[in-house]
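Per-entry structural report
Below are the chains, spelled out letter by letter.
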Amino acid sequence: MAQIIFMNKTIIVSNRLPLQVAIDENSLTITPSVGGLATGMKSVHAEGNGIWVGWSGIPEDEIDSALSIEVDTKIRNAKCVSVPLSSEDIEDYYEGFSNRALWPLFHYFMEYTYFEQHEWEAYKRANEKFAEVVIDNLEDGDTVWVHDYQLLLLPQLIKDKKPNTTIGFFLHIPFPSYEIFRTFPWRAEILTGMLGADLLGFHTYDYERHFLSSVKRILRLDVNFNEINYHDRIIKVDSFPMGIDYDKFYNTALKHHSETIKKSDLRKRLEEHLTEDKKLILSIDRMDYTKGIPNRIKAFEYFLDTYPEYKEKVRLVMLAVPSRSNVPQYQKLKRETDELVGRINGKFATVSWTPIWYYYRSLPFEDLIDLYISSDIALITPIRDGMNLVAKEYVATRIKGDGVLILSEMAGASKEMNEALLINPNNFQNFAWNLKRALTMPLEEQKTRIKFLQKRLKRYDVEKWAKEFLKSLEATKQIKNAIITKKLSGDYENHLIEDFKNKKKKLVLLDYDGTLVGFKDNPQDAQPDEALFKLLDQLQEQSTLVLISGRDKDTFQRWFGHKPYNLVTDHGVWLYEKKEWVQLERLKTDWMQSIRPILETFRDSTPSTFIETKNYSLAWHYRTADPELAKIRTMELNTVLTSMVANNGLSILQGNKVIEIKSSNVNKGRVVSRLLTQNDYDFIMVLGDDWTDEYMFEEAPESAYTIKVGFTKTKAKYQIKDPNQVRQLLQKLI
Ligand code: GDG
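A quick note: this is a predicted structure, and the numbers were derived from the prediction, not measured.

Within the protein chain, the secondary structure is distributed over 25 helices and 29 strands. Expressed as lengths along the three principal axes of its C-alpha atoms, the size of the protein chain is roughly 105 × 65 × 45 Å. Here the protein chain holds 734 residues, and the buried ones make up 56% of them. Taking as baseline every contact in the protein chain between residues at least 6 positions apart, the subset at least 24 positions apart corresponds to 71%. As displayed, the protein chain has an accessible area near 31,500 Å², and 49% of this comes from carbon and sulfur atoms. Side chains of the protein chain give 98 positive and 104 negative charges; the mean places of these two sets differ by 4 Å.

Rendered as structure tokens:
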């Protein structure tokens, strides 16, 4: 297997390598690609020992092994490493799963989406092949940047094998809303695959928001602003709108305008059409159903019907670049486009004018620039598009400041190109009206708009985009370090175990839910198991053990009454010591009758929530409710309750997916202070997972081992992942 080993490099991974391999009978040539991604990544790739991992474009079974070695060597000379993929992989993983399932679904084309089990298997296999090559080339301290929808599983595959690697992932296409994404048969696997990354980047805030919404609802993970708590990691999610190589487009346009350069045939031909009262309208896209090509042609027809005075005055120059022509929907689109162009040209053409010039091919870069600089208007109207770089390129080439960009609201680019004429591509009336507006826009207005757009594109170009992403990715190391510094493992853990063994008067304070047992949908299902009893029995023999919980006295009596453990229930109202219940606090409960109706209103308007009535408190549980609705409802409930509780000596506790109202003068911290005065302990350990446990951490003396379960913000000195690890730790102590 191909292998290049260097220190601290960035490994870029994308489905295709940024190069073209051409093999004919006598020669093998490798030329670099000039696409947006290749340009954007150029400096990252060139820096130090950076490498690029991807497919070469040649299936491994279509080339003999001697030639394959030669191809690999040449690719390696270009600082690239190829992933060997067979024709079958390409058929099932790329053309199949990537382009017949992910691409249409992520672009909201559900009717084009095929879910095939064997293609999903191929997708997993191909992602594993990429992982293998990346891991083979990976050294400690390296950074990996994975690109796009073909490699959604790759981040986790790398993280599983190399947990310390810093991994970034960028999605170049939209992330669909939860309602669309939830239809995906392997939705949880896809999300989990992506969550192997430390930073996830999207073109727009909307895609980011959709992604987070799916993470919350499907994986039920906690999200704080743009950070996801995932096991012992915090994953950052952010938007980075991809730019273009502005200077390259601007300078080439400048060159084409200069007197000294010979005009290309294409340019001359275009200019023949350009007289004072005639205008060229340009569209350029890959031939893809997301780009709205048939829609655009129909809208253009509508325009000519509505404003017939523009017949013979305008021409639509439409470049459609062949793409994925093996996939049936693309073949259908090509047929439909051919027919539409034929029909409309037939309908309107005169001896001296055809309304649409249609090219179905790819043109050299210089011709592309000629198209941009010769067109008065760019008509970029995708039905759905991650970003759309063509819109940005058109603007960059307008060196005289004239020209109008008509841009679909459905393109990610519309979010940062407000000075364009933004349209909904499905509203033909508005489409035609804006086209007329563009055709009649005063030059001064054109210049003002283009100038604004150019300024932004120049400032946030593709290199800046790549740098910003990598800067953010680098910053995730600090989050990781902050977790590592508090994580109870290695030396910290050994020290704790040693101390426990050596000390005589030991106090162990343990919260129950979320600390000793995981959360259940219904709190009554979280009973202690045999293994836990065994563990606690032994711990009890070696220390003063106190289970300290917000649970009610009756439940704990049922579960633990037969054991010699000390129990504190109701957040500190009752203490069970030497098999006797002692009431520590005398509390009123008359407030419940006025608070309960409020909670009932919230329960009724928030499906899957319920109220738990305890002896001294009321709790509203929302664990299985829709997380986004629950978030809004908790804010509302807090507002309503805050005004009521203040004057009634009550307080609101924000627990783990629960809001609890109880008397202000009880909390777990008060019990801790009380317990501490009773004896002269030389070892104190406090474990808890939730906001209510912070009171215990606060009251514990400086010398205590305070340990928070989970990796959210805490006053505790150490952090540990989950109840499983808590049990492992306790096992080690005894
Ligand atoms: C995906 C997302 C996102 C086009 N025709 C020719 C040619 N091009 C170049 C353009 C432009 C690029 O191809 C097309 O980029 P887009 O952004 O418009 O679209 P996708 O290919 O669908 O790209 C998209 C992008 O990823 C980046 O994240 O913006 O939303 O779908 O650069 O100039 N270049 C040449 N000849 C052509 O005939 N030389």
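On to the site of the ligand, then. Residues in close proximity to the ligand total 21 residues, the closest being His172, Leu363, Asp385, Met387 and Glu393. Between the ligand and the protein, one listed contact pairs an oxygen atom with a side-chain N or O atom of histidine 203 at 3.0 Å. In this structure, an oxygen atom belonging to the ligand sits 2.8 Å away from a main-chain N or O atom of leucine 389. Burial of the ligand by the protein chains amounts to 82% of its free accessible area of 730 Å². Mapped by element, the contributors of at least two residues to the shell around the ligand are strand E12 (279–286), strand E13 (314–321), helix H13 (365–374) and helix H14 (389–396). Of the residues belonging to the shell around the ligand, the class tally is 12 nonpolar, five polar and four charged. Each of domain 1 (10–239) and domain 2 (246–457) contributes no fewer than three residues to the shell around the ligand.

Turning our attention to the pattern of salt bridges. In this structure the tally under the stated criterion is 49 salt bridges. Put simply, lysine 268 and aspartate 265 hold a salt bridge, and the shortest N to O gap is 3.9 Å. With lysine 268 and aspartate 265 both in helix H10 (residues 265–273) and three residues apart, the pair spans about one turn of that helix. For aspartate 265, a relative accessible area of 61% corresponds to the exposed category. Here the residues in one salt-bridge network are Lys159, Asp198, Arg233 and Lys480, joined through shared partners.

Further remarks concern the domain arrangement of the protein chain. Parsing the protein chain into structural domains produces domain 1 (10–239), domain 2 (246–457), domain 3 (485–585 + 666–733) and domain 4 (603–662). Taking the mean C-alpha position of each, domain 3 and domain 4 sit 25 Å from one another. The interface is formed by 22 residues belonging to domain 3 together with 15 residues belonging to domain 4. Interface of domain 3 and domain 4: buried area, both sides summed, is about 1,400 Å²; carbon and sulfur atoms make up 56% of it. Taken together, domain 3 and domain 4 are joined by zero salt bridges. Seen at the junction of domain 3 and domain 4, the total is six residue pairs in polar contact (both at pLDDT 80 or more). Partitioned by chemical class, the residues of the side of domain 3 that touches domain 4 number seven nonpolar, six polar and nine charged.

Most of strand E6 (residues 143–147) is tucked away, with five of its five residues classed as buried. Side chains Thr143, Trp145 and His147 project from E6 onto one buried face, and the interleaved Val144 and Val146 project onto a second face that is buried too. Of the pairings in the sheet, the one linking strand E1 (residues 10–16) to E6 comprises four bridges and is parallel in character. What sits directly across from threonine 10, in E6, is threonine 143.

What follows deals with helix H21 (residues 592–605). The terminal C-alpha atoms of H21 lie 20 Å apart, and with 14 residues this matches the ideal 20 Å at 1.5 Å per residue to within 8%. Among the residues of H21, Met592, Ile595, Ile598, Leu599 and Phe602 are the ones counted as buried. Down the axis of H21, the sector holding all buried residues measures 130°, keeping them to one side. Exposed side of H21, more than 90 degrees from the buried face: Gln593, Thr601 and Asp604 are the residues found there. Next to the buried residues of H21 lie strand E23 (610–613), strand E24 (617–621), helix H22 (627–645), strand E25 (650–654) and strand E26 (658–663).

Enumeration according to the criterion identifies 52 aromatic pairs in this entry. Between the aromatic rings of tryptophan 145 and phenylalanine 469, the centroid separation amounts to 4.2 Å while the plane-to-plane angle is 10°, which identifies the pairing as stacked. Taken together, the residues span a long stretch of sequence, with tryptophan 145 in strand E6 and phenylalanine 469 in helix H17 (residues 462–486) at a distance of 324 residues. Positioned above the aromatic ring of tryptophan 581, the side-chain terminus of lysine 553 is 5.8 Å from the ring centre.

Attention now moves to unusual backbone geometry. Phi is positive for histidine 231, close to 50°, though the residue is something other than glycine. Take histidine 231: it is sitting in the loop between strand E10 (227–230) and strand E11 (233–239). You will see that arginine 324, though not glycine, has its phi angle at about 40°, which is positive. Among the secondary structure elements, arginine 324 is positioned in the loop between E13 and helix H12 (328–348).

Attention now goes to the nonpolar core. Among the nonpolar cores identified, the biggest contains 101 residues, and Val13, Phe175, Leu200, Phe211, Ile228 and Phe303 are the most heavily contacted of them. Split by domain, this core shows at least three residues from each of two domains, domain 1 (10–239) and domain 2 (246–457). Setting aside anything within four residues of it in sequence, one finds phenylalanine 211 in contact with Phe175, Leu191, Met194, Leu195, Leu200, Phe202, Ile228 and Val237. Listed in part, the 36 residues of the second largest apolar core include Ile369, Ile399, Leu407 and Ala413.

Among the surface-exposed residues, Lys447, Lys451, Lys455 and Arg459 lie close enough to one another that they form a single positively charged patch. Positionally, arginine 459 belongs in helix H16 (residues 443–459).

Strand order in the open sheet formed by six strands is E14-E13-E12-E15-E16-E17, with parallel pairing between adjacent strands. Each edge of the sheet is formed by a strand with only one pairing partner; in this case those strands are strand E14 (356–360) and strand E17 (421–423). Within this sheet the neighbouring strands show an average axis-to-axis angle of 20°, counted without direction. Sheet topology note: the strand E15 (residues 377–380)/strand E16 (residues 404–408) ladder contains four bridges and is parallel.

With that out of the way, let us pick up a negative patch on the surface. The grouping of Glu60, Asp61, Glu62 and Glu88 at the surface amounts to a negative patch. Turning to its location among the elements, glutamate 62 is positioned in the loop between strand E4 (51–55) and helix H2 (65–77).

Turning next to empty space enclosed by the protein. Applying the stated rule across the entire model yields two cavities of 30 Å³ or more. Put simply, the largest cavity is a space of about 390 Å³. In terms of lining residues, the largest cavity is bounded by 29 residues, among which Asp513, Phe519, His621, Val658 and Asp690 are the most central. Breaking the lining of the largest cavity down by element, the ones donating at least two residues are E23, E24 and E26. Here the lining of the largest cavity is built from residues that sort into seven nonpolar, eight polar and 14 charged. Composition of the lining of the largest cavity by domain shows at least three residues from each of domain 3 (485–585 + 666–733) and domain 4 (603–662). Empty space within the second largest cavity amounts to approximately 50 Å³.

Before going further, it helps to spend a moment on the sheet that holds strand E27 (residues 683–688). An order of E22-E21-E20-E19-E18-E27-E28-E29 is seen for the eight strands of this open sheet, with the pairing classed as mixed. One side of each edge strand has no neighbouring strand; the edge strands of this open sheet are strand E22 (580–583) and strand E29 (718–720). Strand-to-strand twist of the sheet, defined as the mean angle between neighbouring strand axes without regard to direction, takes the value 20°. Bridge analysis of strand E18 (residues 506–510) against strand E19 (residues 544–548) gives four bridges, and the strand direction is parallel. Counterpart to valine 508 in the pairing with E19 is leucine 545.

Thresholds, definitions, all that
Residues numbered from 1 in each chain as written. Predicted model: local features only at pLDDT ≥ 70, side-chain atom pairs only at ≥ 80, totals over all residues. Heavy atoms only, no water. Helix = DSSP H or I, 4+ residues; strand = E, 2+ residues; numbered from the N terminus. Buried < 20%, exposed > 50% of the residue type's maximum accessible area, 1.4 Å probe, protein only. Contact = heavy atoms within 4.5 Å. Areas by Shrake-Rupley, 256 points an atom, 1.4 Å probe, with all protein chains shown as cover. Lys, Arg positive; Asp, Glu negative; His and termini not counted. Charge placed at Lys NZ, Arg CZ, Asp CG, Glu CD. Near = heavy atom within 4 Å. Polar contact = N/O pair within 3.5 Å; in protein donor to acceptor, adjacent residues only side chain to side chain. Nonpolar A, V, L, I, M, F, W, Y, C, P; charged D, E, K, R; others polar. Domains from an automatic or database assignment. Salt bridge = Lys/Arg side-chain N within 4 Å of Asp/Glu carboxyl O. Buried area = accessible area lost by both parts, 1.4 Å probe. Pairing = 2+ DSSP bridges. Expected span 1.5 Å × (residues − 1). Arc of directions from axis to C-beta. Phe/Tyr/Trp six-rings, centres within 6.5 Å; stacked < 30°, edge-to-face > 60°. Lys NZ or Arg CZ within 6 Å of the ring centre and 35° of its normal. Core = buried A, V, L, I, M, F, W, Y, C linked by side-chain atoms within 4.5 Å. Patch = residues over 30% accessible without salt bridge, like charges linked within 9 Å, V, L, I, M, F, W, Y side chains within 5 Å. Axes fitted to C-alpha atoms, helices over the stretch in contact; angles between N-to-C directions. 1 Å grid on protein atoms, 1.4 Å probe; cavity = no way out; pocket = protein on both sides within 12 Å on 5 of 7 lines; lining within 4 Å. Points joined across faces, edges and corners; volume = space filled by probe spheres on them.

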